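Working through the structure, step by step
The primary structure of each chain is shown beneath.
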Amino acid sequence: MKPVSFEYFAPTSVADAVSLLQEHGPEAKLLAGGQSLVPLLNMRLARPTAVIDVNRVEGLDYVREDGDALAIGAMTHQRTVERSELVQRVNPLLHAATRLIGHPQIRNRGTVGGSIAHADPAAEYPAVALALDAEMRIVGPNAERLVPAADFFVTYLTTALEPTEMLTEVRVPALPQGTGWSIQEMTRRHGDFALAGAAVTLTMDGGACSDARIVLFGVGATPLRVQQAEERLVGERVDATLMSEVGREIKTSIDEPLADIHATSEYRRNLAGVLTERALVEALERAA
Ligand SMILES: Cc1cc2nc3c(=O)[nH]c(=O)nc-3n(C[C@H](O)[C@H](O)[C@H](O)COP(=O)(O)OP(=O)(O)OC[C@H]3O[C@@H](n4cnc5c(N)ncnc54)[C@H](O)[C@@H]3O)c2cc1C
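Predicted model, so just to flag it, every value in this text is computed and none were measured.

**Concerning the overall build of the protein**
A count of helices and strands for the protein gives twelve helices and 14 strands. In terms of overall size, the protein behaves like a compact globule, its C-alpha atoms giving a radius of gyration of 19 Å where 288 residues would be expected to give roughly 19 Å. Its C-alpha atoms give the protein principal-axis dimensions of about 60 × 45 × 30 Å. Out of the 288 residues belonging to the protein, those deemed buried represent 53%. Once local pairs closer than 6 in sequence are excluded, the contacts in the protein between residues at least 24 apart make up 61%. When the accessible surface of the protein is summed, it comes to about 13,600 Å², and 48% of that surface belongs to carbon and sulfur atoms. If you average the places of the 27 positive and of the 38 negative side-chain charges in the protein, the two averages end up 7 Å apart.

And the structure:
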């Protein structure tokens, strides 16, 4: 199929991109790597009147260490993150998550900012952003703001971005000392979106867990942080029995996930528990 006709713009600065968003209103769409937007255009599920291609905007393609965090420009290709030794060293969870996104061809074109702004609930980056307390730098017509991941993902494919705003940077804190991590997912075929997944970090201090993060993806309208399960772990000497109990509790405590042609809601719920337990086991090994 072919997209509906639209006006095409290719600004070279963030200021110009934002002013085009302002001029064309909510019917305008930014185009980054096109790996989600172009299929939507071709299927006419998105019908923008203006497409603002931000691939020529300068200065948004970088990965650098900034204090205790990684600063990643929104237009950085996922492949750059995958190949970055800095990311692998400072945040191996983010690195591992990147390798689960689609196929190399998708990661060559897909951007970090595009994945976060698109906010697919089964995508790896939004889940990892939530688990790691990432912050999104957003530029609008009059101001710039930093939005924590906990406030950024609003509902299915919907974020805190206003129609006149552009995501310019994602700031991901380094994993603290003594932190183990894991990301586990189940896909029907290699490279597919996950049917369900779990991203976990466990920080161990003197044999006890001092911090735990459990974020599920593919089971709700946004990535889902399971604080109740995290609280079961904090302060405890985590062992196989506790991890298995947490996995079992997740199966019964989360709201009914969406059913579709790929999986029933019961299957997704069960998967969430199994994958959480697997992720906890791996994260504990890494913390040690
Ligand atoms: C076959 C296939 C398999 C895939 N598998 C996976 C997978 O397993 N996991 C996964 O996470 N993803 C997967 N993807 C999606 C891929 O990760 C996309 O790259 C990503 O969802 C969107 O990034 P993009 O740069 O291509 O953005 P685009 O497609 O260009 O844009 C996506 C949306 O974000 C908006 N947007 C883009 N950049 C910005 C910005 N800087 N500020 C504000 N809004 C912006 C656009 O307006 C659009 O609405 C897959 C895609 C394909 C085609």
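**Focus on the sheet that holds strand β6 (residues 135–139)**
Backbone-to-backbone hydrogen bonds pair the strands of a sheet. The strands run either parallel or antiparallel. Reading across the sheet, the five strands line up as β4-β5-β10-β6-β7 and stay open at both edges, with antiparallel pairing between neighbours. A strand with exactly one partner marks an edge of an open sheet, and here the two such strands are β4 (63–66) and β7 (144–148). Going from strand to strand, the sheet's axes swing by 25 degrees on average, the running direction of each strand aside. The sheet contact formed by β6 and β7 spans five bridges and is antiparallel. Paired with Met136 across the bridge in β7 is Val147. Against the sheet, helix α1 (residues 14–24) contacts β6 and β10 (166–173), and its axis sits at roughly 125 degrees relative to β10.

**So, the domain arrangement of the protein**
Domain annotation of the protein identifies domain 1 (7–53), domain 2 (63–173) and domain 3 (179–287). For domain 1 versus domain 2, the separation of C-alpha centres amounts to 19 Å. With twelve residues of domain 1 in contact, the opposing surface of domain 2 contributes 14 residues. Across the domain 1/domain 2 interface, buried area totals approximately 1,100 Å², and carbon plus sulfur atoms make up 77% of it.

**Notes on the site of the ligand**
In the neighbourhood of the ligand, 29 residues make up the surrounding shell, with Leu30, Gly34, Ser36, Leu37 and Thr111 lying closest. Interatomic distance of 2.6 Å between a side-chain N/O atom of Thr111 and an oxygen atom of the ligand. Notes on the ligand: free accessible area 970 Å², of which the protein chains cover 88%. Put simply, the parts of the chain that give the shell around the ligand at least two residues each are β2 (28–31), α7 (112–118) and β10. It is α7 that contributes the most residues to the shell around the ligand, four residues altogether.

**A word on the sheet that holds β2**
With parallel pairing, the three strands of this open sheet are ordered in space as β1-β3-β2. The sheet is open, and its two borders are formed by β1 (7–9) and β2, each paired with just one other strand. Strand-to-strand twist in this sheet, taken as the mean axis angle between neighbours without regard to direction, amounts to 20 degrees. Taken together, the three bridges between β1 and strand β3 (residues 50–53) define a ladder with parallel strand orientation. Following the sheet pairing, Tyr8 is matched in β3 by Val51. Relative to the sheet, α1 contacts β1, β2 and β3, its axis offset from that of β3 by approximately 175 degrees.

The rules behind these values
Residues numbered from 1 in each chain as written. Predicted model: local features only at pLDDT ≥ 70, side-chain atom pairs only at ≥ 80, totals over all residues. Heavy atoms only, no water. Helix = DSSP H or I, 4+ residues; strand = E, 2+ residues; numbered from the N terminus. Rg over C-alpha atoms; globule rule 2.2 N^0.38 Å. Buried < 20%, exposed > 50% of the residue type's maximum accessible area, 1.4 Å probe, protein only. Contact = heavy atoms within 4.5 Å. Areas by Shrake-Rupley, 256 points an atom, 1.4 Å probe, with all protein chains shown as cover. Lys, Arg positive; Asp, Glu negative; His and termini not counted. Charge placed at Lys NZ, Arg CZ, Asp CG, Glu CD. Pairing = 2+ DSSP bridges. Axes fitted to C-alpha atoms, helices over the stretch in contact; angles between N-to-C directions. Domains from an automatic or database assignment. Buried area = accessible area lost by both parts, 1.4 Å probe. Near = heavy atom within 4 Å. Polar contact = N/O pair within 3.5 Å; in protein donor to acceptor, adjacent residues only side chain to side chain.

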